[in-house]
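Structural description and commentary
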Amino acid sequence: MSLPITADAIRSMKIRGAGRIARAAAAALRDHAMALRSQDYDNFLIEMNRAADLLNATRPTAVSLPNAIHAVMRDLKSVTGVEDARRIVITNAEAFIESSEMAVRRIAVMGANQIGDGDCILTHCNSEAALACIIEAKRQGKEIEVFATEVRPWNQGRLTIEVLNSHEIPTHYIVDSAVRAFINDMDLAIAGADAVYANGDVINKIGTSQIALSAHEARTKMIIAAETYKFAPRTMMGEEIRIEERPGSEVLPDEIADKLPYVRVRNPVFDLTPAEYIDLIVTEVGVIPPQAAPSIIRDHLGWNISMFEEIFRIGRGD
Ligand code: RUB
């Protein structure tokens, strides 16, 4: 898929879900590097940075996107020739895609350990990582049942019930507002993540925080399945992650909204679940309490104090 087509597909949510977005961006950068004709290194860098900026601007919340772009583009300044630079992009992109797929497989096994025989599981949105845990539990022979939410306004829950159905997992499909009515029947709730803050707070599909709150009240375990590249290094410096707000027409058709001049539709796509409402985060490098997020950022995303010093130096104008 060409760069503008991939960017458009991410923006319009034809490609969606933090992991898929990250892999699509990595593949688009790889293909772009392969297609660029320039033999001039500086020009190649300018073109690649332009491509990275285009992809980065498609959706603002999933940190997997800038993390994937960083993983593909890193080391580019350590070479001086176009062919070396092209090779670095291709190698990095393929390594990222492979490790991302491997991460989901590892999360599946560790997440399945959290699921017991006979468990009833609530899931929200359509998370590849969360679903992988459920599917693995079923593959291990555990008798499980799932409650899947509808996920207004995009109805990602329909994708989820198709996946669960294809694995012959007994599933109940509920509207988002029915979560509290059923939460006492659940053994655990499991969702994915678009971003994990350094303090362990998690950003995921709108409604996740209500589920976590209900789960907390009902003493139901709340688990997040998240690859390490969903953790947000820049939150170590106190940076905030922007919650995407999409057009109101996704919630209320324009022909109705136009007749209601005093009504403004709000359509935030994600929300933030405080770490205190999350029991565990299942990553490909282990199952951690949310409070251990800084060690993931330091040890697995290579974010260290020298980077802070570099940023502070720039800040002081040295
Ligand atoms: C998708 C969403 C998913 C996370 C994790 O939102 O909130 O739960 O991205 O997904 P949208 P995954 O549909 O708006 O992209 O585990 O597949 O990376």
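Further up the page is the structure itself.
Residues numbered from 1 in each chain as written. Predicted model: local features only at pLDDT ≥ 70, side-chain atom pairs only at ≥ 80, totals over all residues. Heavy atoms only, no water.

Quick look at the site of the ligand now. Neighbouring the ligand are 18 residues; Arg16, Gly19, Ser127, Asn204 and Lys205 lie closest to it. Contact between the ligand and Glu128: an oxygen atom at 2.8 Å from a main-chain N or O atom of the residue. Here the ligand loses 100% of its free accessible area of 460 Å² to cover by the protein chains. Mapped by element, the contributors of at least two residues to the shell around the ligand are α2 (18–35), α6 (128–139) and β6 (202–205). When grouped by side-chain class, the residues that make up the shell around the ligand number seven nonpolar, five polar and six charged. Counting contributing residues, the shell around the ligand receives three or more from each of domain 1 (3–105) and domain 2 (114–316). (Near = heavy atom within 4 Å. Polar contact = N/O pair within 3.5 Å; in protein donor to acceptor, adjacent residues only side chain to side chain. Areas by Shrake-Rupley, 256 points an atom, 1.4 Å probe, with all protein chains shown as cover. Helix = DSSP H or I, 4+ residues; strand = E, 2+ residues; numbered from the N terminus. Nonpolar A, V, L, I, M, F, W, Y, C, P; charged D, E, K, R; others polar. Domains from an automatic or database assignment.)

As a further point, take the state of the cysteines. Within the structure shown, the criterion is met by zero disulfides. No disulfide involves Cys125; its nearest neighbouring cysteine sulfur is the one of Cys133, lying 15 Å away. Owing to a relative accessible area of 0%, Cys133 belongs among the buried residues under this scheme. (Disulfide = S-S within 2.5 Å. Buried < 20%, exposed > 50% of the residue type's maximum accessible area, 1.4 Å probe, protein only.)

Looking now at the pattern of salt bridges. Pairs may arise between side chains of opposite charge once their charged atoms sit close together. By the definition in use, this model includes 15 salt bridges. As a salt-bridge pair, Glu83 and Arg86 come within 2.9 Å of each other at their nearest N and O atoms. Here the residue Glu83 and the residue Arg86 both occupy positions in helix α5 (residues 82–112), the gap between them amounting to three residues, near one helical turn. A salt bridge links Arg234 to Glu239, with the shortest nitrogen-to-oxygen separation between them at 3.0 Å. Here Arg234 falls in the partly exposed class, since its relative accessible area comes to 41%. Here the salt bridges do not stand alone but share partners, grouping Arg59, Glu244, Arg246 and Glu250 into one network. (Salt bridge = Lys/Arg side-chain N within 4 Å of Asp/Glu carboxyl O.)

The next thing to look at is helix α7 (residues 156–166). The periodicity of an α-helix, 3.6 residues per turn, causes residues three or four places apart in sequence to face the same way. For α7, the full list of buried residues reads Gln156, Gly157, Thr160 and Leu164. Each buried residue of α7 lies within a common arc of 100° when the element is viewed along its axis, so the set occupies one face. Exposed and oriented more than 90 degrees from the buried face of α7 are Glu162, Asn165 and Ser166. Looking at the packing, one finds that the buried side of α7 touches β1 (120–123), α6, β2 (145–149), β3 (171–174) and β6. Remark: Glu168 follows α7 within two positions and exhibits a positive phi of approximately 55°. (Arc of directions from axis to C-beta. Contact = heavy atoms within 4.5 Å.)

This brings us to the sheet that holds β6. Ordered in space as β5-β6-β8, the three strands form an open sheet in which the pairing is antiparallel. What marks the edges here is a single partner per strand, and that holds for β5 (195–196) and β8 (270–273). Note: β6 against β8, four bridges, orientation antiparallel. Within β8, the position partnered with Val202 by the bridge is Thr273. Each of β6 and β8 is contacted by helix α9 (residues 208–217), which is oriented at about 30° to β8, the strand it contacts most. (Pairing = 2+ DSSP bridges. Axes fitted to C-alpha atoms, helices over the stretch in contact; angles between N-to-C directions.)

These results come straight from atomic positions and should not be treated as a statement about function.
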